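# Chains, contacts and geometry: an overview
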Amino acid sequence: MGAYVLHRLAATIPVMAVVALVVFSLLYLAPGDPAAVIAGDQATQAEIDAIRRKLMLDQPYHVRLGAWLASLLRGDLGVSIFSNIPVSTLIKQRLEPTIALTITTMIVAITLALPLGIIAAWRAGRWIDQFVMLFAVLGFSAPVFVVGYALIWLFAIELRWLPVQGYRSYAEGFVPFLRSVALPSLALGLTYTALIARITRASMIEELSKDYIRTARAKGVGEFRLLERHALKNAAIPITTIIGVGVALLIGGVVVTESVFAIPGLGRLTVDAILRRDYPVIQGVILVFAGVKVLINLIVDLLYVVFDPRIRY
Amino acid sequence: MSSSIPASGTERRVARLLRRVFRHRGIAIGGTLLAAIVAVSLGASLITAVDPQDIDPVDRLMAPDATHPFGTDNLGRDIFARTLHGGRVSLLVGVSVAVLASTLGTLLGLVSGFLRVADAIVMRAMDGLMAIPTILLAIAMVALTKPSVLNVILAVTLVEVPRVARLVRSVVLTIREQPYVEAAITVGTKLPKLLLRHVLPNALAPLIVQATYIASSAILIESLLSFLGAGTPPEIPTWGNVVAEGRNYFQVASWIIFFPGLFLGLTVLAINLLGDGLRDLLDPQTARRL
């Protein structure tokens, strides 16, 4: 077990190295001169050259890559070209809304998806199952921003139950916070809910067809206990995997959802940085997102062992 | 999968498959829906004589009526014409990315499945690419080059390639262990023939299914890129662009977003239904697991 954890941890190093290489190369190849942008319109050529030397832009690829990786290992993500604020500070400032939105979305999606998937499997082939499957297909196909605007139109403009846009921090009170993240969580969580419901249904159907379920039924175990104690416990591995893997889906969706609902999180930071070509910020945010994704995959892999003690590495 | 089956047998099998294809509900609904969307997008100029770029200050932000079935935007442009024309770019992106990513991914998958030396390098690169969230990688690539349809296609292709490469590699690894492939290698079958005769036929079914999902995912990503302002240039009407332009007028003119959004959702739905159906028929093993 300990050896497996170490092995699995070590495996993340080459992945992150490739990510860093891709991110650096992408911006190395990008057109435009960051030095000219920083210097501004009034700058002389000498000033631009000075900035270029300071940022090592006059150095060859491998030298710049080496310097960039070295500062990365010290935890230094560079300084924003646009605002002159360290990238790590910018990221910290924007972290809260994104984390809050991700967590509420996960809660909403899991509480909706698990019962839907379990009931669909229990009543496989009946109308409720057909309904859940239809919902799953629709959920996969609906673009996040279209769902977002549809929800705003219904709940904020027509019914006036919830605010149209904006984010209220948890510190401003629980109710305003919940009201501000309700619609974004639903919009962002739709695809995720569909995904979890579908996998839950499939793995529950598989478990319910097994011999031990028939034995339990014959023994007179109640239906609820049968589903919850016997089948769900054994179906937990694929469900956990998809909950974890699906978080990656959320990371992409967060960028769009924050744009639709004007939430000042990491997603907004990314989009703004890309539109302004603020290279260090783009690099930093992509690295952070990729790091989170790799970390989640790691946790999911380690959770296998917890859910199924038979798995020994 | 082998040519030793007499032609009449193959024909019978194809006929049976086709019958099953047409009888499948998902394929029937998805196929019809997709055909309709392709038809109205390609025939946009025949269906409406209105130029999607025509600015008409008098008819600004008009609600849907007889002259403008889907209403107009803040510049008085006809949303019906813009939505129909907008489908062209989406479909082009979907098809191009599906073809490019499948081809590139198959090549990479074959190489890493057969050459142990290449395997480690290719798969580490694919793992790295897959670790970067799809949309972020795509927007970063488009934003750092120049917004154009071609760059969008290339960016989304790069994002989708790892999925295909992994799929093909896993097929190769399974096939390699099969006794009949070992036998073929033993009797000295050359690599090209081995690939063509044994590996590709086995990979084809999951590849076709994967390609349909890639097409729908590419269409979604294109619209998200355009929506975020890092995709197709704004002067080309695409579903994402029309929605993006409607954002500021959403509270007074929701139709600007509603109709292109509906078409986008229906297109993705149609392709997904088609993909699910094809998976049921071509790849029953995976289908049973989902």
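Since we're looking at a predicted model, the values are computed, not measured.

## Topic: the overall build of chain A
- Secondary structure summary: chain A contains 13 helices and 0 strands in total.
- Along chain A, helices (α) and strands (β) appear in the sequence α-α-α-α-α-α-α-α-α-α-α-α-α when read from the amino end.
- Principal-axis analysis of the C-alpha atoms gives chain A an extent of 85 × 55 × 35 Å.
- Looking at chain A as a whole, 37% of its 313 residues are labelled buried.

## Examining unusual backbone geometry
All names here are of chain A.
- With phi around 65°, Asn 84 is a residue other than glycine that occupies positive phi space.
- Position of Asn 84 relative to the elements: it lies in the loop between α4 (61–73) and α5 (87–122).
- Positioned with a positive phi, Arg 160 is a non-glycine residue whose angle comes to about 60°.
- Among the structural elements, Arg 160 can be located in the loop between α7 (144–158) and α8 (174–208).

## What to know about helix α11 (residues 236–260) of chain A
Residue and element names in this part refer to chain A.
- Under the 1.5 Å per step criterion, the end-to-end length of α11 is 34 Å for 25 residues, consistent within 8% with the ideal 36 Å.
- Most pronounced at Gly 253, the bend in α11 amounts to some 35°.
- Note on α11: the residue one or two positions beyond its end, Ala 262, has a positive phi of about 50°.

## A word on the nonpolar core
- If you look at the biggest cluster of nonpolar residues, it comprises 156 residues, and the most contacted ones within it are B:Ala138 and B:Ile139.
- If sequence neighbours within four positions are ignored, B:Ala138 has contacts with B:Ala155, B:Val156, B:Val159, B:Ile221 and B:Leu225.

## Focus on the environment of A:Tyr167
Residue and element names in this part refer to chain A.
- Structurally, Tyr 167 can be placed in the loop between α7 and α8.
- In this structure, the C-alpha to C-alpha distance between Tyr 167 and Asp 58, residues 109 residues apart in sequence, is 42 Å.
- Dropping the residues within four chain positions of it, Tyr 167 is found in contact with Pro 97, Ser 180, Ile 263 and Pro 264.

## Quick notes on the interface of chain B and chain A
- Between chain B and chain A, the contact holds 37 residues from the first and 37 residues from the second.
- Mapped by element, the contributors of at least two residues to the side of chain B that touches chain A are α5 (116–131), α6 (134–144), α9 (191–228) and α11 (255–282) of chain B.
- Tallied by class, the residues present in the side of chain B that touches chain A amount to 25 nonpolar, 9 polar and 3 charged.

## So, the confidence of the model for chain B
All names here are of chain B.
- Of all residues in chain B, 94% attain a pLDDT of 70 or more, and the chain-wide mean is 83.
- Looking over chain B, one finds the lowest element-wise mean pLDDT in helix α12 (residues 284–289), namely 63, and the highest in helix α4 (residues 79–114), namely 91.
- Overall, residues 1–5 carries pLDDT values under 50, and its contacts beyond four positions in sequence, including any with other chains, amount to 2 contacts.
- Among the prediction metrics, the complex's ipTM stands at 0.83, with pTM recorded as 0.86.

Cut-offs used in this document
- Residues numbered from 1 in each chain as written.
- Chains lettered and ligands numbered in written order.
- Predicted model: local features only at pLDDT ≥ 70, side-chain atom pairs only at ≥ 80, totals over all residues.
- Helix = DSSP H or I, 4+ residues; strand = E, 2+ residues; numbered from the N terminus.
- Buried ≥ 20, exposed ≤ 12 C-beta atoms within 10 Å, placed from the backbone.
- Expected span 1.5 Å × (residues − 1).
- Bend = angle between axes of the 7 residues up to and from the residue.
- Core = buried A, V, L, I, M, F, W, Y, C linked by C-beta atoms within 7 Å.
- Contact = placed C-beta atoms within 7 Å.
- Nonpolar A, V, L, I, M, F, W, Y, C, P; charged D, E, K, R; others polar.
- pLDDT = per-residue confidence, 0-100.

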